[in-house]
Structure formats: structure tokens, C-alpha cells
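The chain contents come next:
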Amino acid sequence: MNKLSYLALGLSALTLTACNNANETASADEFSGPSRPECIAPAKPGGGFDLTCKLAQAGLRDTGILSDPMRVTYMPGGVGAVAYNKIVANDRSNEDAIVAFSTGSILNLSQGKFGKFTEKDVKWLAGVGTDYGAIAVNADSPIKDLAGLVAELKSNPKAVSFAAGGSVGGQDWMQTAILAKAVGVNPSDMTYVAMEGGGEAITAVMGNHVTVVSAGIAEIMPQATAGKLRVLAVFADERLGGSMADVPTAVEQGYDVTWPVVRGYYMGPDVSPAAYDWWKASFDKMLADPKFAELREQQELLPFSMTGEELEAYVYKRTGELRELSAEYGLVDAAAK
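So, a few notes on the structure that sits alongside this text. (Residues numbered from 1 in each chain as written. Predicted model: local features only at pLDDT ≥ 70, side-chain atom pairs only at ≥ 80, totals over all residues. Heavy atoms only, no water.)

A word on helix 3 (residues 103–110). Summarising burial for helix 3: 8 of the 8 residues are buried, a large majority. Taken together, the buried positions of helix 3 are Thr-103, Gly-104, Ser-105, Ile-106, Leu-107, Asn-108, Leu-109 and Ser-110. Backbone nitrogen of Gly-104 and a side-chain oxygen of the N-cap are separated by 3.0 Å at the start of helix 3; the cap is Ser-102. Gly-112 lies just past helix 3 and shows a positive phi near 75 degrees. (Buried < 20%, exposed > 50% of the residue type's maximum accessible area, 1.4 Å probe, protein only. Helix = DSSP H or I, 4+ residues; strand = E, 2+ residues; numbered from the N terminus. Polar contact = N/O pair within 3.5 Å; in protein donor to acceptor, adjacent residues only side chain to side chain.)

What follows is the structure, given as C-alpha cells:
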């Protein structure tokens, strides 16, 4: 069995000096900071994009980089497609706004789900943390562990319903499909309930409307800690620390499946170099601050620090890798660009 592992690459702590400008209007060479800082979460409240925006909101505030509060705007639709199209087609030079992305966004881009736009149509700003995919059931579910879920899948895959943010081919579907394939079940035989975000999927499982939720471990842990969900497996190479120390990995249970989820931000393609440099320098400063490390840990995220050109190269590389993986599952032509 080939190991399906997609680990984040390296760390970066580059620092640039922001340009200062006494005027509110930024010129081509001057930018003093956003007048109305905004983070766009491409889903409804409660999921991973919401978590990512609130991490920037708290991090930039607590490290003293932003004095004005950053607002979080929710823009659901197409699991990121609506927000991506808005920025690229209609708001290309918005210097106040950053948009949350995850590995799932890169996966959707690799499959052409953002229409005519590709990974090269935005400015990739910063990656600030990583968590891992996970699956969980209602705390009262008769399914007690991953072996129990696998037994149910093998017996009658249609009877086990999976709720996840995004459609077939999305990252939450992909991690369940990889698991199914690893245990000899055809992913197309599973019952999959597509929702707009991880928050909705978690609510559906807690309401006993579906059997299993597939999401990021950081999204799941608050309800697991509250005793409302039972995490069957986290798709990491080894056990995670802190509050997740008791969560078993799929690997240790005999199923060689891993799926890391990088979280970060991008900006519009026509944002001025000065504005982009200001944001990049701000994220470099935030990522180097111990206060942000504490905030990231509180959100159950692991370290991942990458900005600017290094992040751009990472995104381009991952898009190619995920395009190949998607082709393996018949979701895209491997030669697609």
C-alpha cells in the first residue's frame, strides 16, 4: 500500500520593512496600512475558514500590528470559488482585504473548480498554521473506533453517511475516499452529504442527521472536548500533542492515511507592491512573535510559517501534486493545466 502523505514544507521567517506614508491614500511606492482591514472567510461561520480569519484577526491585534480591528466577512459559495472569483474578477486591487485559504482551496484549484481562474491569478500572502484531516462521530454513536467504522463500510457502505464541507473531489471527501480505497471499498459506493463548510457538517453529525463528519481536527476538537463528538482518527503521521494527545491516528490503527491541511491567506492580483510588502512584513512579524504561537496553539494548529515567494512556490508545487492525485481518482485529466 502506498503511503499517501502530504506534509508541509519547511518554515520561513523573512522580514521586510514596511513603507510609511502620512497620507491615507497609498501610492505606488507608499502604503501605511489598511484603512478598513478585512479577512474574507469563503464559507459560513464555524468552519476552518472562519478559524483561519479569526486567527489573523487575533494575531495582528495581539502583536500590535493592527490598531483598528480586522473584520471578518463571510462569503460562502463553491467552497471558496465565490470569494476567489470576486477577488480576481471584481476586486483585484483591494489592499484592505486578505482571503483565507486551505489545502482544500488548492485542491479545488487543481481540479478547475474555480472556473477559468488558476493558482496563478492571485497573490499568495502567508501560510500560518497546519492541522490534519480527521473523522468523528456523535459521542453517542455505536461506532466506537476506526475499526468499527471500517467494518460498517465493508458491510454496507451506502448505510454509512459522511458529512463534509464541499462536494465530491474536495479535501474532506478526498480523505474519506483515500481511507475507503485503503480498506477495499469503492469511494463511489459511499453516501456523501456535501455541505458548504465544516461547521455545517459538524452540526449535522451532532444532530444525528449523518453518521460521520470529515473535517480538520482543529474544527472538530472544540466539540470533541465538550463531549459531543468522538474522534475516530486523525490523519497525521503520529499523535499530536496537547488536547489532541489522546486522539489516535489512522496510521497507528493500521490504515496508512495522512492528510495535513495548511491554512493561510491570499490577496488580489493587482494589489500594489507596497501594499503587498506591508502585509507580508506584517505577517512575518506576527509569525515570529511568541504571542502568535500561543494563539495558534489555542486553535489546535501546528506551526507552519511561509510567506511571499516561498509560499507561492509551495502552492504551485502542491497544486501540481494534487492535480495528479485527483487524476488518480478520475476527478481531473492529469494533463490539465
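There is more to say after this.
We now examine the pattern of salt bridges. Applying the stated criterion across every chain, the model contains 14 salt bridges. Put simply, Lys-54 and Asp-50 hold a salt bridge, and the shortest N to O gap is 3.4 Å. Linking Lys-54 with Asp-50, this pair stays in helix 1 (residues 48–62), spanning 4 residues, or about one helical turn. Between Arg-263 and Glu-219 there is a salt bridge, with the nearest N and O atoms lying 3.5 Å from each other. Here the residue Arg-263 occupies a position in strand 9 (residues 260–267), and Glu-219 occupies one in helix 7 (residues 217–225), the gap between them amounting to 44 residues. Glu-219 carries the same exposure label as Arg-263, and that label is buried. (Salt bridge = Lys/Arg side-chain N within 4 Å of Asp/Glu carboxyl O.)

Right, let's talk about the nonpolar core for a bit. Membership of the largest hydrophobic core comes to 56 residues, with the highest contact counts inside it found for Tyr-84, Trp-124, Ile-135, Leu-146, Leu-149, Trp-259 and Tyr-266. By residue number, the principal contributor to this core is helix 5 (residues 171–182), which donates 6 residues. If we skip the residues at most four places from it in the chain, Trp-124 touches Tyr-84, Phe-101, Leu-109, Glu-119, Tyr-265, Tyr-266, Tyr-276, Gly-308, Leu-311, Glu-312, Val-315 and Tyr-316. Listed in part, the 35 residues of the second largest apolar core include Ala-275, Met-286, Leu-287 and Leu-295. (Core = buried A, V, L, I, M, F, W, Y, C linked by side-chain atoms within 4.5 Å. Contact = heavy atoms within 4.5 Å.)

Mapped onto the fold, Ala-136 is located in strand 4 (residues 123–138). Under the relative-accessibility criterion, Ala-136 is labelled buried at 0%. Once the C-alpha coordinates of Ala-136 and Phe-162 are considered, the two residues, 26 residues apart in sequence, prove to be 9.7 Å apart. Those residues in contact with Ala-136 that lie beyond four places of it in its chain are Val-205, Thr-211, Val-212, Val-213, Ile-220, Leu-229, Arg-230, Val-231 and Leu-232.

Now for unusual backbone geometry. Backbone geometry at Asn-208 places phi at a positive 60 degrees, although glycine is not the residue there. Along the chain, Asn-208 turns up in the loop between helix 6 (198–206) and strand 7 (212–216). With relative accessibility at 58%, the residue Asn-208 sits in the exposed group. The backbone phi angle of Glu-300 is positive, close to 65 degrees, even though this residue is not glycine.

As for its placement among the helices and strands, Met-244 is situated in the loop between strand 8 (229–234) and strand 9. For Met-244, a relative accessible area of 5% puts it in the buried group. Placed 56 residues apart in sequence, Met-244 and Glu-300 show a C-alpha to C-alpha distance of 8.0 Å. Setting aside chain neighbours within four positions, we find Met-244 in contact with Ile-217, Met-221 and Glu-300.

As for its placement among the helices and strands, Arg-323 is situated in helix 10 (residues 308–328). Arg-323 gets classed as buried once you look at its relative accessible area, which sits at 10%. At 3.2 Å, the side chain of Arg-323 and the backbone oxygen of Ser-110 are in polar contact.

With the rule as written, the count across this model stands at 10 aromatic pairs. Both rings, one in Phe-31 and one in Trp-278, keep their centres 5.9 Å apart while their planes meet at 75 degrees; by these two values the pair is edge-to-face. Of the two residues, Phe-31 sits in the segment before strand 1 (38–41) while Trp-278 sits in helix 8 (residues 273–287), which places them 247 residues apart along the sequence. Site record: aromatic cluster; members linked through ring pairs are Phe-31, Tyr-265, Trp-278, Trp-279 and Phe-283. Lys-120 extends its terminal NZ or CZ atom over the ring of Tyr-316, reaching a point 5.6 Å from the ring centre. Stacked on the ring of Tyr-329, the Lys or Arg Lys-181 has its end atom at 4.8 Å from the ring centre. (Phe/Tyr/Trp six-rings, centres within 6.5 Å; stacked < 30°, edge-to-face > 60°. Lys NZ or Arg CZ within 6 Å of the ring centre and 35° of its normal.)

In this fold, Gln-299 is placed in the loop between helix 9 (290–298) and strand 10 (306–307). Considered as a pair, Gln-299 and Leu-55 are 244 residues apart in the sequence and their alpha carbons are 7.8 Å apart. If we skip the residues at most four places from it in the chain, Gln-299 touches Leu-51, Leu-55 and Ala-218.

Such coordinate-based values are descriptive only and should not be taken to indicate function.
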